Amino acid sequence: ADQLIYQREGINTAVAIFRYFGSATLYVGGKPDASTNPGDLQTQSFLGHLPVLFCKEPRTVAVVGYGSGATVGAALSHREVRRVDVLEIEQAVIDASPYFESINEAPFRDPRTRLVVEDGRIHLTYTDTLYDVITSEPSSPWMAGISNLFTADFYRIVAKRLAPGGEQVAADLQGVD
């Protein structure tokens, strides 16, 4: 009953979108990663809203992994955000973005959005940019190329790329199990 509405073989993985009873689901490497389903949308939106709301001055935001773009759209909905860097390793995921404009508010039409097609960990390791907010909900750790986003080393890298004020939050989270 699923209807394939998008499919692309990316450099890193295969990307597809299926429509089922009016809901669109993004599959990356055969695994569902995002959808227009209200339950999924809540999680995707919270990842953009919550860290921005808890940051005193959320001017610069990095979103590791694009998915449906709902997280990016949520972050951009806050007027105080001046720039959102989208760190996405797979261009085919970005190319699928128009299929989710009903939930992502077309973030690439917003001049505050900057696309970085690169592994998020690599970008954060070598950039000089400091971010007020860094949010990430990578796919499952068993997916190829993703496991390095679930390591203590990755979170140390993230802490080094947080602007002043963000380090304390990151340090507090290091002791949380």
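For the structure, check the block above.
Residues numbered from 1 in each chain as written. Predicted model: local features only at pLDDT ≥ 70, side-chain atom pairs only at ≥ 80, totals over all residues. Heavy atoms only, no water.

### A word on a nonpolar patch on the surface
Rule in force here: Surface patches are defined over residues having more than 30% relative accessible area and no salt bridge, joining like charges when they lie within 9 Å and nonpolar side chains (Val, Leu, Ile, Met, Phe, Trp, Tyr) when within 5 Å. For the area figures, the Shrake-Rupley method with a 1.4 Å probe applies, and any residue is considered shielded solely by the protein chains shown. For salt bridges, the criterion is a side-chain nitrogen of Lys or Arg within 4 Å of an Asp or Glu carboxyl oxygen. Strands are runs of DSSP state E lasting at least two residues, helices are runs of H or I lasting at least four, and both sets are numbered from the N terminus onward.
Among the surface-exposed residues, Phe46, Leu50, Leu53 and Phe54 lie close enough to one another that they form a single nonpolar patch of about 460 Å² accessible area. Mapped onto the secondary structure, Leu53 falls in helix H1 (residues 38-54).

### A closer look at the nonpolar core
Basically, it comes down to this: Throughout, nonpolar core names a set of buried Ala, Val, Leu, Ile, Met, Phe, Trp, Tyr and Cys residues whose side chains join them through atoms within 4.5 Å. Three labels apply to residues, based on accessible area from a 1.4 Å probe with only protein chains included: buried if under 20% of the type maximum, exposed if over 50%, partly exposed otherwise in between. By definition in these notes, contact holds between two residues if any of their heavy atoms fall within 4.5 Å.
Core analysis: the biggest nonpolar cluster contains 26 residues, and Ile17, Leu26, Val61, Val72 and Val84 have the highest contact counts within it. Elements represented by at least two residues in this core include exactly strand E1 (3-9), strand E2 (14-20), strand E3 (23-28), strand E5 (60-64), helix H2 (70-76), strand E6 (83-88) and helix H3 (91-95). Of all the elements, H2 adds the most residues to this core, at 4 residues. In this view, Ile17 contacts Gln3, Leu4, Ile5, Tyr6, Ala24, Thr25, Leu26, Ala96, Tyr99 and Phe100; residues no more than four positions away in its chain are not counted. Formed by 11 residues, the second largest nonpolar core is a distinct cluster that contains Leu124, Ile134, Phe154 and Leu162.

### Observations concerning the environment of Gly30
Turning to its location among the elements, Gly30 is positioned in the loop between E3 and strand E4 (31-35). Between the C-alpha atoms of Gly30 and Val15, which are 15 residues apart in sequence, the distance is 7.6 Å.

### Quick notes on the sheet that holds E3
Put simply, the test is: One requirement defines pairing of two strands: DSSP has to find at least two bridges between them. Think of each axis as a best-fit line through the C-alpha atoms, taken over the contacting stretch in the case of a helix, with angles from 0 to 180 degrees between the N-to-C directions.
The antiparallel open sheet is built from 4 strands, whose spatial order is E1-E2-E3-E4. One side of each edge strand has no neighbouring strand; the edge strands of this open sheet are E1 and E4. Ignoring strand direction, the axes of neighbouring strands in this sheet form an average angle of 25°. Inspection of the sheet shows E3 paired to E4 by 4 bridges, in the antiparallel sense. Across the sheet, Thr25 pairs through a bridge with Ser35, a residue of E4.

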